[in-house]
Amino acid sequence: MKPDPANRGSSRPGTCRSRRVRSAGAGPPGAARPGSAVVVATAIVLAVASVAAQTADQQAEAQRLFEQGVAAAAAGDYANAVFAFSRSYQLYPHPGTLKNLAVYQDQSARLAEAYGSWQELVERYRDTVSDATLQEARQRIADLEAILARVEVTADVAGAILYADGRELGPSPLAEPLMLEAGPHVFEARLEGHEPARTSRQLVERANPRIELHLEPIVVAPSVLRVESRTPGVTASIDGGQAESVPLLREIEPGVHAVRLEAQGYLGETREVSVPVSGEVVAAFDLAPIALPPPVEPPSEESAGFWEGPWPWVIGGLLVLGAGATTAVLLWPGDEPSSGLVVTFR
């Protein structure tokens, strides 16, 4: 349904549809009535152009989104109007955009978000907006406080990030209570090194519950390195540390580690082992024995043969004797050799 500027007389904002419609077309300071989309858009264009710190692309995008929000609101599409005004305000904060955002959050029954937007309008732009806009914002804040639950959310570990319905609220403790609509809500706290804490609560109007979230530290299983070997008498050292007997079990930091095995009579060996987080790895390997030259064995009596018996000596003696006899014949030139000389070898 389209905004109706004539419908301004409801007694309790936020409790009847006519009061929400009254705010639907509100624009920046000076805008006459909700239907004045052209006036509102013109004011935003002038404001965006006056801020030199914003880039041209940001200004153009903020302008486009604002006009998109105006068109969606005129068509009764309040959800898209909220989206467009919110994005435009993020790119270029302006009280006119923020007021439109608050109005259409109201129209979409996102009362807690509307409460925050109205509050920001008063706190941030009280010296900028008109008295009428300021009075309207304060009245709407009071009306919403009468129907919203005021929730104090905290965690038992300082610095934990708090969430409500998936929306980040900030670190615990919060500066002020959280205003939420009646109905079911989910609260959560998160902190590194802890399990998330989560709880749900059914809220009623004007309730003031206190919700404390308890965070449990995450227990991380240690990383374990086990060294095994079938080599007898083997010792193991890790990362150059002291040698220890095997099998060896050690809690160790995750990562790559050097495991060296040594044993007498065996070739030492080093291997790199990757140890995962909270896991166990087994490094199992055997060492190779050191190779020795084969022993030299004396020949047996059977293999000694001719040279190990008395025959080489007998033959050697006969050869010497024969040489002597020949020499004697040659050295006696005056004598004729006797034809009856007989040399017998025994």
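Look up: the structure comes first, before these words.
My aim in this report is to walk through the structure given alongside it, one point at a time. It should be emphasised that the depicted structure is a prediction, and the values quoted were computed from it without experimental measurement.

## Quick notes on the overall build of the chain
Thinking step 1. Of the regular secondary structure elements, the chain holds 9 helices and 16 strands.
Thinking step 2. Taking all 346 residues of the chain together, the buried fraction comes to 36%.
Thinking step 3. A separation threshold of at least 6 residues defines the contact pool for the chain, and within that pool the share at least 24 residues apart is 51%.
Thinking step 4. Here the chain has roughly 20500 Å² of accessible surface; of this, 55% comes from carbon and sulfur atoms.

## A word on helix α6 (residues 111-125)
For the α-helix, the turn length of 3.6 residues means that residues three or four positions removed from each other point alike.
Thinking step 1. Here α6 spans 20 Å end to end across 15 residues, near enough to the 21 Å set by a 1.5 Å rise per residue.
Thinking step 2. Of all the residues in α6, the buried ones are Leu111, Ala112, Ala114, Tyr115, Ser117, Trp118, Gln119, Leu121, Val122 and Tyr125.

## Some thoughts on helix α5 (residues 95-107)
Thinking step 1. An ideal rise of 1.5 Å per residue puts 18 Å on 13 residues; α5 measures up with 18 Å between its terminal C-alpha atoms.
Thinking step 2. A large share of α5 lies buried, amounting to 13 of its 13 residues.
Thinking step 3. The positive-phi residue at the C-terminal boundary of α5 is Ala109, with phi of around 65°.

## Observations regarding the packing of aromatic side chains
Thinking step 1. Scanning all chains against the criterion turns up 3 aromatic pairs.
Thinking step 2. Grouped by ring-pair contacts, the aromatic residues Phe66, Tyr78, Phe85 and Tyr104 constitute a single cluster.
Thinking step 3. We note Arg190 situated over the ring of Tyr163; from NZ or CZ to the ring centre the distance is 4.1 Å.

## A look at the sheet that holds strand β3 (residues 167-171)
Thinking step 1. Within the open sheet, the 4 strands sit side by side as β3-β2-β5-β7. Their pairing is antiparallel. Edge positions in the sheet fall to β3 and β7 (197-203), since each has one partner strand and no second. Taking each pair of neighbouring strands and ignoring which way they run, the sheet shows an average axis angle of 25°.
Thinking step 2. Bridge count for strand β2 (residues 161-164) against strand β5 (residues 183-190) is 4 bridges, and the pairing is antiparallel. Within β5, the residue paired with Leu162 across the bridge is Ala189.

The rules behind the values
Residues numbered from 1 in each chain as written. Predicted model: local features only at pLDDT ≥ 70, side-chain atom pairs only at ≥ 80, totals over all residues. Heavy atoms only, no water. Helix = DSSP H or I, 4+ residues; strand = E, 2+ residues; numbered from the N terminus. Buried < 20%, exposed > 50% of the residue type's maximum accessible area, 1.4 Å probe, protein only. Contact = heavy atoms within 4.5 Å. Areas by Shrake-Rupley, 256 points an atom, 1.4 Å probe, with all protein chains shown as cover. Expected span 1.5 Å × (residues − 1). Phe/Tyr/Trp six-rings, centres within 6.5 Å; stacked < 30°, edge-to-face > 60°. Lys NZ or Arg CZ within 6 Å of the ring centre and 35° of its normal. Pairing = 2+ DSSP bridges. Axes fitted to C-alpha atoms, helices over the stretch in contact; angles between N-to-C directions.

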